[in-house]
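Topology and contacts: notes
Now for the letters of each chain:
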Amino acid sequence: MKIILFGPPGSGKGTQAELLKEKEGFYHFSTGDFFRQEIAKQTSLGEKVRYYLEKGLLIPDEVVIEIVENFLERNYDKKIVFDGYPRTISQAVSLDQFLLQKNKKINFCFLIELSEEEIIKRLTARRICENCGAIYNLNFKRPKIENFCDFCNNKLIQREDDKEEIIRERIAVYYKNTLPLIEYYEKRNSLYRINGDLGRDYVHFEIMKIIKNYGDLY
Ligand code: ADP
Ligand code: ZN
């Protein structure tokens, strides 16, 4: 089974993908995490994409598509939850074509909807662990020890792009490039909308309700 999570920045895609990983054994594939790790490791790819992440802009399609195809070449047989991919029509088309070749497809897309006000509120309070990818929030999910990761004790950081000005840019990019994808998947009857305001457990419950009904393939 392959699932895509859509939603504006801060809608909880990463959190939901982690829940699907822990509870259901999905492989959590986040292009954002992947690029952040490349930047942290100072690889040449990391250097190439740093500018885009810092500005909240999309990385050019060719670069992202190549990374994803490399990953999929090795992992297309797994249960995968895509977090942050695809983000443009051309990424979506290339993902469909790749999966088709392997006799696979996207089974479900979930759109987690959230107001702009709530996005800003959540993201400015978000802290992450760069080591293990854990996500915290100063308002509703504080770490046990202030500023340190519950799981690996690494120091927490605020993502560079979680500053208000950059958040606004990311929201604008989302509306411009990613919203057309909703229509793309709606036409394929695989899109489900979920209200992201209702919190992490509710959103997870809604996702599970839909994929559990899928029967055999799941
Ligand atoms: P969020 O969804 O919270 O904005 P992500 O962690 O998914 O954050 O992505 C962070 C940044 O990584 C994006 O602003 C963009 O620069 C880059 N990025 C991630 N995924 C893609 C993608 N599929 N296409 C282009 N750029 C991407
Ligand atoms: Zn950690």
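Just so you know, the residues in each chain are numbered from 1, in the order the chain's sequence is written. Chain letters and ligand numbers both follow the written order, the letters beginning at A and the numbers at 1. Local features in this predicted model are restricted to residues of pLDDT 70 or higher, and side-chain atom pairs are both shown and tallied only at a pLDDT of 80 or more, whereas totals for entire chains, interfaces and linings draw on every residue. Values shown for side chains rest on all heavy atoms present in the structure; no hydrogens or waters enter the calculation.

**Looking at the pattern of salt bridges**
Between side chains of opposite charge, a pair can form as their charged atoms come close. The condition is simple: The term salt bridge refers to a pairing of a side-chain nitrogen on Lys or Arg with a carboxyl oxygen on Asp or Glu at a separation within 4 Å. Secondary structure is summarised from DSSP: a helix means a run of H or I of at least four residues, a strand means a run of E of at least two, and numbering begins at the N terminus for each. Each residue is assigned to one of three classes by its accessible area relative to the maximum for its type, calculated with a 1.4 Å probe on protein chains only: buried under 20%, partly exposed between the two thresholds, exposed over 50%.
According to the stated counting rule, one finds 23 salt bridges in the structure shown. Between Glu54 and Arg50 there is a salt bridge, with its nearest N and O atoms 3.9 Å apart. Pair noted here: Glu54 and Arg50 are both in helix H3 (residues 44-55), with a separation of four residues, about one helical turn. Between Glu160 and Lys163 there is a salt bridge whose closest N-O contact spans 3.9 Å. Taking the relative accessible area as the measure of exposure, Glu160 reaches 52% and is therefore exposed. Among the ionic contacts, a cluster of salt bridges with common partners joins Arg126, Arg159, Asp161, Asp162 and Arg170.

**Here we look at the coordination of the zinc ion (ligand 2)**
In an ideal octahedron of six donors the angles at the metal are 90 or 180 degrees, and in an ideal tetrahedron of four donors they are 109.5 degrees. Quick note on the threshold: We call an atom a donor if it is N, O or S and sits within 2.8 Å of the metal, or 3.2 Å for Na, K and Ca. Water is not counted, so some sites may look partial. Here a site with four donors is tetrahedral if all angles are between 85 and 135 degrees, and a site with four or six donors is square planar or octahedral if opposite donors are over 155 degrees apart and the other angles are between 65 and 115; anything else gets the irregular label.
For the zinc ion (ligand 2), the full set of protein donor atoms is Cys129 (SG), Cys132 (SG), Cys149 (SG) and Cys152 (SG), and the range of their distances to it is 2.3 Å. Because the angles between the four donor atoms bound to the zinc ion (ligand 2) fall within 98 to 120°, the donor set is best described as tetrahedral. Binding-site remark: the zinc ion (ligand 2) is held by donors from one chain whose sequence spacing is C-x2-C-x16-C-x2-C. Taken together, the positions of Cys129 in the loop between strand S5 (126-128) and strand S6 (135-137) and Cys149 in the loop between S6 and helix H7 (164-187) put the pair 20 residues apart, joining distant regions of the chain. Here Cys129 matches Cys149 in class, with each residue buried.

In short, geometric facts, not functional conclusions.
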